[in-house]
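Results of the structural survey
In case you want the letters, here they are:
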Amino acid sequence: MAAIERALFSAPFQRFAALLEEARRAGPERIPEPTAFTLATCADGQPSARMILLKGVDEAGFVFYTNYESRKGRELLANPRAAMCFHWAPLELQVRVEGRALPVDSAEADVYFATRARGSQIGAWASHQSEPLTREGELEERVADFERKFERRSVARPPHWSGFRLSPERIEFWKGMPNRLHHRELYRRSGDGWQVEILNP
Ligand SMILES: Cc1cc2nc3c(=O)[nH]c(=O)nc-3n(C[C@H](O)[C@H](O)[C@H](O)COP(=O)(O)O)c2cc1C
């Protein structure tokens, strides 16, 4: 309990970074994808959710990358309000984040795209993410086309592939406790700072 009390009023970003580090240190056998989270979006009243990998976090927000023409990309461009949920089961930890996800600038996206494996870079061109495949071999043919196009040169970032930065208005830390009397700390943005409340489990 002492550790929880000490952590209680630390800034939520530092708190998140410390928990992510704890999840990483748990090792790939216990937590294979420590940066994985569920992203929920909603453009027209029907929420949709899927797994995404977190690629950066700082005081400005949580960064992830995707295809802007995918379902999630279109939904976020129409309505930036979104929610993220991390779950590190072996640590009995959950973190929920809500806020607005806005496009990162293109220079930032270029820097990240350049760090990706070449196969993933080609895949970003070849995949019309979330669109139906209309015939067998279509995707493989587009992969081959883009491999030819970028032969012996670096792969440019596709204009439809970039990042979002979710700037949080609420961050809730959940820690599993005996008898389901779990500990929930909700941080709500208030001016330049945060208001903290402890919620019933
Ligand atoms: C563990 C995991 C991580 C994933 N990470 C990403 C990611 O970072 N970006 C992405 O576009 N899709 C990622 N995906 C695929 C998405 O879950 C989803 O299938 C895809 O983006 C299409 O979603 P949409 O049709 O809702 O746009 C990941 C899937 C899994 C299971």
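Here is a short report on the structure shown in this document. (Residues numbered from 1 in each chain as written. Predicted model: local features only at pLDDT ≥ 70, side-chain atom pairs only at ≥ 80, totals over all residues. Heavy atoms only, no water.)

Moving on to the site of the ligand. Around the ligand lies a shell formed by Arg 50, Met 51, Ile 52, Leu 53, Tyr 65, Thr 66, Ser 70, Arg 71, Lys 72, Gln 129 and Ser 130. Within the side chain of Ser 70, one N or O atom sits 3.3 Å away from an oxygen atom of the ligand. Taking Ser 130, its side chain carries an N or O atom lying 2.6 Å from an oxygen atom of the ligand. With the chains in place, 63% of the 620 Å² that the ligand exposes on its own is no longer accessible. Every element with two or more residues in the shell around the ligand is listed here: β2 (48–53), β4 (61–67) and α3 (71–78). If one sorts the elements of the shell around the ligand by residue count, β2 sits on top with 4 residues. For the shell around the ligand, the residue count by class is 4 nonpolar, 4 polar and 3 charged. (Near = heavy atom within 4 Å. Polar contact = N/O pair within 3.5 Å; in protein donor to acceptor, adjacent residues only side chain to side chain. Areas by Shrake-Rupley, 256 points an atom, 1.4 Å probe, with all protein chains shown as cover. Helix = DSSP H or I, 4+ residues; strand = E, 2+ residues; numbered from the N terminus. Nonpolar A, V, L, I, M, F, W, Y, C, P; charged D, E, K, R; others polar.)

So, on to the pairing of strand β9 (residues 193–199). Residues in a regular strand project their side chains so that they alternate between the two faces of the sheet. Note: strand β8 (residues 183–190) against β9, 7 bridges, orientation antiparallel. Looking across to β9, one finds that Tyr 187 is bridged to Val 196. Between β8 and β9, which pair antiparallel in sequence order, lie 2 residues; one of them, Gly 191, sits at a positive phi of approximately 60 degrees. (Pairing = 2+ DSSP bridges.)

Its volume calculated, the largest pocket comes out at about 310 Å³. Every residue lining the largest pocket is counted, 15 residues in all, and those nearest its centre are Tyr 65, Thr 66, Arg 116, Gln 129 and Trp 161. Looking at the lining of the largest pocket residue by residue, the class counts come to 6 nonpolar, 6 polar and 3 charged. (1 Å grid on protein atoms, 1.4 Å probe; cavity = no way out; pocket = protein on both sides within 12 Å on 5 of 7 lines; lining within 4 Å. Points joined across faces, edges and corners; volume = space filled by probe spheres on them.)

A few words on the pattern of salt bridges. On inspection of all chains with the given rule, the structure shows 13 salt bridges. The shortest N-O distance in the salt bridge between Glu 141 and Arg 135 comes to 2.9 Å. Linked through salt bridges whose partners overlap, the residues forming this network are Arg 96, Glu 172 and Arg 184. (Salt bridge = Lys/Arg side-chain N within 4 Å of Asp/Glu carboxyl O.)

Considering all chains together, one arrives at 18 aromatic pairs under this definition. When the ring of Phe 16 is compared with that of Phe 62, the centres are 5.0 Å apart and the planes differ by 80 degrees; the resulting orientation is edge-to-face. On the criterion of sequence distance, the pair formed by Phe 16 in helix α2 (residues 12–25) and Phe 62 in strand β4 is long-range, its members being 46 residues apart. With respect to class, Phe 16 is no different from Phe 62; both count as buried. Put simply, the rings of Phe 13, Phe 16, Phe 37, Phe 62, Phe 64, Tyr 68, Phe 86, Trp 88, Phe 164 and Trp 194 touch in pairs and so form one group of aromatic residues. In this structure, Arg 15 is placed above the aromatic ring of Phe 173, and the distance from its NZ or CZ to the ring centre is 4.6 Å. Seen from the ring of Trp 125, Lys 149 lies directly overhead, with NZ or CZ sitting 5.1 Å from the centre. (Phe/Tyr/Trp six-rings, centres within 6.5 Å; stacked < 30°, edge-to-face > 60°. Buried < 20%, exposed > 50% of the residue type's maximum accessible area, 1.4 Å probe, protein only. Lys NZ or Arg CZ within 6 Å of the ring centre and 35° of its normal.)

Honestly, that's just the spatial picture; any functional story needs more than this.
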